[in-house]
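Overview (structure and organization)
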Amino acid sequence: MAGLLVIHIAAALAILWWRGRVGRRAFLVGSVGPLAVLVWAIFQASGISAGTPYVQRIGWVPSLDLTFDLRVDAYSLAYLLVIAGAGVAIFIYAARYFSDGSRVPTFAATMTIFAGAMVGIVVSDHLLSIFVFWELTTITSYLLIGYDDHKAQARSAALHAALITGAGGLAMLGGFVLLADAAGSYLISDIVSQPPAASTAVTVAWLLILLGAVTKSAQFPFHAWLPGAMSAPTPASAFLHSATMVKAGIFLVGRLGATATATADWWQPVILVVGFITMVIGGWRALRQTDLKLLLAFGTVSQLGFLFLLIGSGSAKLVFGGLALLVAHALFKAALFMVVGTIDHQAGTRDIRRLSGLRRSMPGTFWTAVAAAASMAAVPLTYGFVAKEAAFDGLVGKETTMIAAAAAASILTVVYSARFLIGAFGPHEPGQEPAGPEAPVARSALLWSPLVLAGAGIVLGFAPRLVLGLVDNATVAVTGVAAAGKLVLWPGLVPALGWSALSLAVGAVLVARPPRVDAAVGAVGTLADKLPTGEGTYRRALPALLTFADRSSGILQNGSLPAYIAIIVLVAVALPAAAVVGDLPPLTRPPGGIALEWMLGALIVGAAISLVFVRRRFAVVILLGGVGYGIAGLYAILGGPDLSLTQLLVETLAIALFAFVLRHLPGTFNEAVTARIPRIVVALTVGSFVFAGGLLANTFRGGRAVADSYLAQAVPEAAGSNVVNVILVDFRGFDTLGEITVLVAATLGVAGLAVPALRMLRREG
Amino acid sequence: MSLAGLLIAAVLFAVGTYLVLQRMLSRVIIGLGLMSHGANLLIMLSGPGPAQPPVIGADGGGLPVADPLPQAMVLTAIVITFGITAFLLALALRSYVLTGSDAVEDDIEDRRISRAKHTAEVTPPLEVHEVAE
């Protein structure tokens, strides 16, 4: 399983290695990744569907409980098949869609990594590795959307997507940590089997995780990034909008939905409301687009809203319908995006006001679009209809408002599906310059890739059994109960059929009267435009965000070394202080110390404080010596004659060095110290912290087992009576070796720095 | 541990910090040296106070035997500190020879960043079809 991820990375590296020669065939190299996943999933399908998840654990730092846990159950398997199936078709399509260009291989490599990251999300069992893959899709999608970096539209769309999904990802990480903390495990399988008890922390965790999913899956009010993301080259849009990226959020709410519903009673209502609003807004906005791709993008928003509320609800019947619809959506949406790509490729535009005569000149593409759009509109005899029936069936018996809202969105879907077909293949609008294909479509992947996916949408309509087991087992995997749902071409006279028929009928009536519909859409649209939109809010918020970033980095990264050191020092004080403050034990008061200590102390403190005030550099040398020799005296009192001697020796050497260097520098310090007060405050803070820390350490000073064992073993094991020496050269001999190495390195450094400097000084005379 | 020793260490740290926060490299080095003295002293203070050397068979005159472990650590620290001081002094000398000043100036690149004003790239909103009445 981990090997599949490695294959994606290897394919991407291979593309980059041969980027000079590979050209657009890079996508064929990249398709090895999804292809391997597809083959693997098909071979594992029977075992996993039988209820035995495929589990793999790779220890990374096992002692810290850091492991790379992969777990593929039926739910993950459904996503794997969707990702890989759509992936293979789209990669092959892309290899024909692009012309050979110098940047195409890099794009292909990015898309391969993106596909691998998506696989990583659905197979990870560890929350943190989900997060890592999640952010990897954010980064790679940024690169994919912003591929046409000479276009301002693409750059700003890429930034929009990265900011929204990136911020959501960070919120999600916070939620993951809180959730894992409450549940006692980072493994989703553990959290699902033993859910954490309801608490404020868990509520916050669910909210944050929901935020991550809502942003990633482009749900209201964060949906605005997705239509912009269609600035990506069409194959990437097809992949991002159909099978990946936006499905990540849906995957997550589906995976955790049942657990969340059990521990937070607000989860299901929130999911439903968010989903319904997204569904209606997306469908409505799709009606007003003249760019085929933008029309599809808003359609995606609408479909995602439906999938989000179904799969995230945690209720078995809804999840069943949602997963059936997920498969349908991947098939028709990928196909339709590729159809738009083919039209754009051949006709040079995708403006529905200009496209004309495509039905005759591109018959294969036309019928592909018909099949896919029919599935999208849930016309009977398509798999889209079968899936939507299952979804309606799940909603029947819930509140009527819910199913009415779903029906309303379905009506919009019928209308924008028709708008897509008529716009793309019907006549051009009067007053617009007509555009048609400049060359006939070759019988290539431009034709076949979408055709295969759209065809699958029809075949599955007649043979829904092929996906029934998959959807059923996936539902059981996340909700624990079988939905007893049906996937059939003719459901019989059930309420769900009534709702489907109603949606189709009203949709058909609206489609049949385009002028009136357009007028109504225009009238309502004028009103709706007055409402704040997601894009507008983002546009207003962005300058504020940038100003905030400028201000905060201006404060934190101001270029002043003293400021940086002050921040480091204060953080080093604040963190441990914050950890102990609040439950401080009563501190024991240490003995005052003998007279000699106080005398030496007076010498050291006096010399140290004078160091602040002296202006002449040579006075510095003398004062420094005073401190050092004083310390040596203290060591002697504390029972360390070796230390005392070493300190004397080293201090003498250091004074000599200082004297030597200061000789070359100006005789006095001639800087005016500004901002004295803040520096003094920081210094006093550090001093008090050390004092308090010392008292605290002294309170907890226990035995000295290590010292006693060294004392006992010095003579028998090392035949030495000076225990400090024995420790340095025998017990901890290798540490001393390390110390010597440091000294050698320092000596080399000194020689390298000082010798040329002295030579320069001498030359200057 | 004695109160006297702890006070000395605290003062060494405070003065050391104050000097490290200056711009003159030679003062920064002195500050670091003072802080090192303070740290070494703190480690030594974990012992019993006035004590006899940890030498087997030595006559301590009734004092407790000092803890050899902090002594071994501090001995290493003294030597390493010396190495670092020597290195920093060489660095200061080099810097003075090259720039003619002992002071650390603000990083120009950082200062430019801190004064930068980034503006959002405003793109036309996504096209919305105005349906004819």
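In this section: the overall build of chain A. Within chain A one finds 33 helices and two strands. For 765 residues, the compact-globule estimate of 2.2 N^0.38 gives 27 Å, and the C-alpha radius of gyration of chain A, at 35 Å, exceeds that figure by more than 25%. Overall, the C-alpha framework of chain A stretches about 105 × 65 × 50 Å when taken along its three principal axes. Relative to its 765 residues, chain A shows a buried fraction of 53%. Residue pairs at least 24 apart in sequence account for 78% of intrachain contacts in chain A once pairs closer than 6 positions are excluded. Roughly 31,800 Å² of accessible area belongs to chain A as shown, and the carbon and sulfur atoms make up 69% of that amount.

The pairing of strand β1 (residues 54–61) of chain A with strand β2 (residues 66–72) of chain A spans seven bridges and is classified as antiparallel. Paired with Val55 of chain A across the strands is Arg71 of chain A, a residue of β2 of chain A.

A few words now on the pattern of salt bridges. Residue and element names in this part refer to chain A. According to the stated counting rule, one finds 10 salt bridges over all chains in the structure shown. Residue Arg57 is joined to Asp69 by a salt bridge in which the shortest nitrogen-to-oxygen separation is 2.8 Å. In this pair, Arg57 sits in strand β1 while Asp69 sits in strand β2, placing the two residues 12 residues apart along the sequence. Judged by its relative accessible area of 52%, Arg57 is exposed. Taking the relative accessible area as the measure of exposure, Asp69 reaches 4% and is therefore buried. In this structure, Lys317 engages Asp393 in a salt bridge whose closest nitrogen and oxygen atoms are separated by 3.9 Å. Of the two residues, Lys317 sits in helix α16 (residues 316–347) while Asp393 sits in helix α19 (residues 383–395), which places them 76 residues apart along the sequence. A relative accessible area of 26% places Asp393 in the partly exposed class. Taken together, the shared-partner salt bridges in this structure form one network comprising Arg71, Asp73 and Arg255.

What follows deals with the packing of aromatic side chains. Residues and elements named next belong to chain A. Summed over all chains, the structure comprises 20 aromatic pairs over all chains. Aromatic side chains Phe366 and Phe425 sit 5.1 Å apart centroid to centroid with 70° between the ring planes, which places their arrangement in the edge-to-face category. On the criterion of sequence distance, the pair formed by Phe366 in helix α18 (residues 363–376) and Phe425 in helix α20 (residues 400–425) is long-range, its members being 59 residues apart. Take Phe366: its relative accessible area is 13%, and that puts it in the buried class. Relative to Phe731, the ring of Tyr710 lies with its centre 5.0 Å away and its plane at 15°, an arrangement referred to as stacked. One end of the pair, Tyr710, is in helix α31 (residues 705–718); the other, Phe731, is in helix α32 (residues 723–731), with 21 residues separating them in the sequence. On the basis of relative accessible area, Tyr710 is assigned to the buried category, the value being 13%. Among the aromatic residues, those joined into a cluster by ring pairs are Phe27, Phe91, Tyr93, Tyr97, Phe98, Phe107, Phe114, Tyr147 and Phe239.

Of all hydrophobic cores here, the largest spans 183 residues; its most connected members are Phe27, Tyr383 and Phe420 of chain A. It is α16 of chain A that provides the largest number of residues to this core, a total of 22 residues. Counting residues domain by domain, this core receives three or more from each of domain 1 (2–512) and domain 2 (516–557) of chain A. The contact partners of Phe420 of chain A, leaving out residues within four places of it in the chain, are Leu292, Leu295, Leu296, Leu336, Val339, Val340 and Ala369 of chain A. In this structure, Val661 and Ala683 of chain A together with Ala9 and Leu93 of chain B belong to the second largest nonpolar core, which totals 62 residues.

What follows is about the interface of chain B and chain A. Size of an interface: often given as the accessible area lost when the parts come together. Each partner contributes residues to the interface: chain B has 94 residues there, and chain A has 126 residues. For the pair chain B and chain A, the summed buried area comes to about 9,900 Å², and 71% of that belongs to carbon and sulfur atoms. Our enumeration of links across chain B and chain A arrives at zero salt bridges. Where chain B meets chain A, there are 11 residue pairs in polar contact (both at pLDDT 80 or more).

Now for helix α8 (residues 152–183) of chain A. With 32 residues, α8 of chain A extends 46 Å from end C-alpha to end C-alpha; this agrees with the ideal 46 Å at 1.5 Å per step. After α8 of chain A finishes, the residue Gly184 of chain A shows a positive phi value of roughly 80°.

Right, let's get into the domain arrangement of chain A. The domains assigned to chain A are domain 1 (2–512), domain 2 (516–557) and domain 3 (571–732). Here the C-alpha centre of domain 3 of chain A lies 64 Å away from the C-alpha centre of domain 1 of chain A.

Looking now at the environment of Ser242 of chain A. All names here are of chain A. Checked against the element boundaries, Ser242 lands in helix α12 (residues 234–242). Residue Ser242 is classed as buried on the basis of its relative accessible area, which comes to 0%. Aside from chain neighbours lying at most four places away, what touches Ser242 is Ala86, Ile90, Ser237, Lys247, His329, Ala330, Lys333 and Ala334. Separated by 2.5 Å, the side chain of Ser242 and the backbone oxygen of Ala238 make a polar contact.

The terminal C-alpha atoms of α31 of chain A lie 18 Å apart, and with 14 residues this matches the ideal 20 Å at 1.5 Å per residue to within 8%. A maximum bend of about 35° is found in α31 of chain A at Ala712 of chain A, where proline Pro716 of chain A lies one to four positions downstream. Within α31 of chain A, burial applies to Ala707, Tyr710, Leu711 and Ala714 of chain A. Packed against the buried residues of α31 of chain A are α32 of chain A together with α3 (68–99) of chain B. Just past α31 of chain A, the residue Ala719 of chain A takes up positive phi, approximately 50°.

To continue, consider the environment of Gly254 of chain A. Residue and element names in this part refer to chain A. Structurally, Gly254 can be placed in helix α13 (residues 246–263). Residue Gly254 is classed as buried on the basis of its relative accessible area, which comes to 3%. With 181 residues separating them in the primary sequence, Gly254 and Ala435 have C-alpha atoms 44 Å apart. Other than its neighbours up to four places away in sequence, Gly254 contacts Tyr75, Ile311, Gly312 and Val478.

The rules behind the values
- Residues numbered from 1 in each chain as written.
- Chains lettered and ligands numbered in written order.
- Predicted model: local features only at pLDDT ≥ 70, side-chain atom pairs only at ≥ 80, totals over all residues.
- Heavy atoms only, no water.
- Helix = DSSP H or I, 4+ residues; strand = E, 2+ residues; numbered from the N terminus.
- Rg over C-alpha atoms; globule rule 2.2 N^0.38 Å.
- Buried < 20%, exposed > 50% of the residue type's maximum accessible area, 1.4 Å probe, protein only.
- Contact = heavy atoms within 4.5 Å.
- Areas by Shrake-Rupley, 256 points an atom, 1.4 Å probe, with all protein chains shown as cover.
- Pairing = 2+ DSSP bridges.
- Salt bridge = Lys/Arg side-chain N within 4 Å of Asp/Glu carboxyl O.
- Phe/Tyr/Trp six-rings, centres within 6.5 Å; stacked < 30°, edge-to-face > 60°.
- Core = buried A, V, L, I, M, F, W, Y, C linked by side-chain atoms within 4.5 Å.
- Domains from an automatic or database assignment.
- Buried area = accessible area lost by both parts, 1.4 Å probe.
- Polar contact = N/O pair within 3.5 Å; in protein donor to acceptor, adjacent residues only side chain to side chain.
- Expected span 1.5 Å × (residues − 1).
- Bend = angle between axes of the 7 residues up to and from the residue.

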